[in-house]
4 protein chains.
Amino acid sequence: MRLSHRPSLDPAEYAYEHRVRTRFAETDAMGVIHHANYLLYLEEARVAWLAEVGRNYAEVRDGGIDFAVIESFVQYRRPLHFDDVVAVHLRVGHTTRSTVQIGYLLAVDGEARATAVTVHAAVRPDGRPVKLPTWLSDPAFAGPAT
Amino acid sequence: MRLSHRPSLDPAEYAYEHRVRTRFAETDAMGVIHHANYLLYLEEARVAWLAEVGRNYAEVRDGGIDFAVIESFVQYRRPLHFDDVVAVHLRVGHTTRSTVQIGYLLAVDGEARATAVTVHAAVRPDGRPVKLPTWLSDPAFAGPAT
Amino acid sequence: MRLSHRPSLDPAEYAYEHRVRTRFAETDAMGVIHHANYLLYLEEARVAWLAEVGRNYAEVRDGGIDFAVIESFVQYRRPLHFDDVVAVHLRVGHTTRSTVQIGYLLAVDGEARATAVTVHAAVRPDGRPVKLPTWLSDPAFAGPAT
Amino acid sequence: MRLSHRPSLDPAEYAYEHRVRTRFAETDAMGVIHHANYLLYLEEARVAWLAEVGRNYAEVRDGGIDFAVIESFVQYRRPLHFDDVVAVHLRVGHTTRSTVQIGYLLAVDGEARATAVTVHAAVRPDGRPVKLPTWLSDPAFAGPAT
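Quick notes on the rules
- Residues numbered from 1 in each chain as written.
- Chains lettered and ligands numbered in written order.
- Predicted model: local features only at pLDDT ≥ 70, side-chain atom pairs only at ≥ 80, totals over all residues.
- Heavy atoms only, no water.
- Least-squares fit on C-alpha atoms with pLDDT ≥ 70 in both.
- Contact = heavy atoms within 4.5 Å.
- Pairing = 2+ DSSP bridges.
- Helix = DSSP H or I, 4+ residues; strand = E, 2+ residues; numbered from the N terminus.
- Axes fitted to C-alpha atoms, helices over the stretch in contact; angles between N-to-C directions.
- pLDDT = per-residue confidence, 0-100.
- Phe/Tyr/Trp six-rings, centres within 6.5 Å; stacked < 30°, edge-to-face > 60°.
- Buried < 20%, exposed > 50% of the residue type's maximum accessible area, 1.4 Å probe, protein only.

(A) View of the relation of the copies chain A and chain D. For the pair chain A and chain D, the superposition axis carries a translation of 0.0 Å, the fit reaches an RMSD of 0.0 Å, and the rotation angle comes to 180°. Here the two chains are linked by the operation of a two-fold rotation axis. Considering only C-alpha atoms, the residue of chain A closest to the rotation axis is F73(A), which sits at 2.2 Å. By residue overlap, the copies meet face to face through one surface: 100% of the interface positions of chain A are interface positions in chain D.

(B) Local environment of the sheet that holds strand β4 (residues 99-108) of chain C. What the 10 strands build is an open sheet, ordered β1(B)-β3(B)-β4(B)-β5(B)-β2(B)-β2(C)-β5(C)-β4(C)-β3(C)-β1(C); its pairing is antiparallel. In this open sheet, the two edge strands, each paired with only one partner strand, are β1 (16-21) of chain B together with β1 (16-21) of chain C. Taken pair by pair, the neighbouring strands of this sheet meet at an average axis angle of 25°, ignoring direction. Against the sheet, helix α1 (residues 38-52) of chain B contacts β1, β2 (66-76), β3 (85-95), β4 (99-108) and β5 (111-123) of chain B together with β2 (66-76) of chain C, and its axis sits at roughly 130° relative to β1(B). Against the sheet, helix α1 (residues 38-52) of chain C engages β2 of chain B together with β1, β2, β3 (85-95), β4 and β5 (111-123) of chain C, with an angle of about 130° to β1(C).

(C) Here's a closer look at the confidence of the model for chain A. Residues and elements named next belong to chain A. Of all residues in chain A, 99% have pLDDT values of 70 or greater, and the mean over the chain is 93. Within chain A, strand β1 (residues 16-21) carries the highest mean pLDDT (98), whereas helix α2 (residues 57-62) carries the lowest (74). Complex prediction metrics read pTM 0.96 and ipTM 0.95.

(D) Expanded view of the packing of aromatic side chains. Enumeration over the complete set of coordinates arrives at 20 aromatic pairs over all chains. Both rings, one in Y38(A) and one in Y76(A), keep their centres 4.8 Å apart while their planes meet at 80°; by these two values the pair is edge-to-face. Taken as a pair, Y38(A) in helix α1 (residues 38-52) and Y76(A) in strand β2 (residues 66-76) lie far apart in primary sequence, 38 residues in all. The exposure class of Y38(A) is buried, given its relative accessible area of 3%. Taken together, a centroid distance of 6.2 Å and an interplanar angle of 40° make the contact between Y38(B) and Y41(B) tilted. On the criterion of helical spacing, the pair formed by Y38(B) and Y41(B) is a turn pair, its members being 3 residues apart in helix α1.

Here it is in structure tokens:
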């Protein structure tokens, strides 16, 4: 288990915010968003963040690097409901030579609903680990300017 | 619109039956299986049927032919619920040089819940149409022996 | 089969446009958006349209009317890919006392990728059909002003 | 973070095994099963296990207890592919008054592909915590007979 990042409940601790509106198809018979769908919101936020910082995900992949998800962790604090607009706050956490942890806070109207961490390995198309691109270590990604 | 097959409500009119148990994740806040998930059951039934008739889907694809879905139609007659065991009845309908229609009846405990048709085009990996494999025209696939 | 609406390839024939960006999770091993996910885009567009015309979906449901999907049809014309921004054009088609057909055109950069129709029945929470709300017959929903 | 269970790589350490065949719809454009779908396999295994031990999930819910997922963790060790038959091994881990940890090993042909832990809280329909049913503490669920 590489997971070590402890995601903060304070939006000010994050470097980027992406908003996603939940879909009706993502609800379940308990009337809330099914827990598996949170991982989709995290991924959508990562893609939007990469585009924002000029690292289009498709281009990154074309450049010969995939970011394989090697661990995922979600803590579900309060349910999400249909049509909620979820602010997905994101920041880079701990990095190693070829892995990066990303922390997330999911909030609705300023209320924390979930926190999460994903761990990614930079890999070649054949699956072998490769050195993390240096731009990922930009301190700006690890939280707000101070 | 190529869709012309009218799927029968009589299980005896079908060539193959595949059973799938609905998942909790496939329900929605109305307490029933979300309508988009029916397409997953149809696909799972097609894959099982291809394996049954000795045409493993992965091998078919490795042989250079994809079956692109070009049309889908579902008629939702009565809801499916969590943990239902759905009998997906399947048969080949009308074929042309490069397309095939597949008809479906979805039933639970003998009660029709939905009917459906998917239309597929045989295509090369580059997307160009190719002649339908001859084995798909086996009359045995178009319904029960009479 | 109630489906009768023939969706136009001309965006000008539609009353509303909603944009959705495809997710990586929605791709499949053929490298394109899996065909079942198109139904999610249609639903998201319906919800956005209802909100736009002041008929919040949650409120409509709280008012005692559900719109059950009773038929769906999708014609897949050209594939969608990851990160495509899809313009989902929508209009009301044929209505009966308790059903409404909605037509869709999905386009990327002005190029048609799919057309679709969903048929909905207005039902009470117990599933019984109920008269379609009159506001759904607003001619403005059936296409552009002429 | 309640998560503390460390799932074993040894199938013999698990109390129950459920088999699930991956779907084509669950693949992504990297040609492997998308990471979010693993949570669906875990849930399907839990439901099958509950049925096996005579605790039908629908009945449990009708009895006034939901098992809300409050944390999920997945470690992706080697990819799953389309049409893989995944053995989902499951066991009860640590329990508290109102929470239970469940550990999982996902293997294909005896090769570990992923490990996972979900943490569940027993809650009333209104979301308030309730005492875990005593049957969940059956030592038989926490691993093989010794």
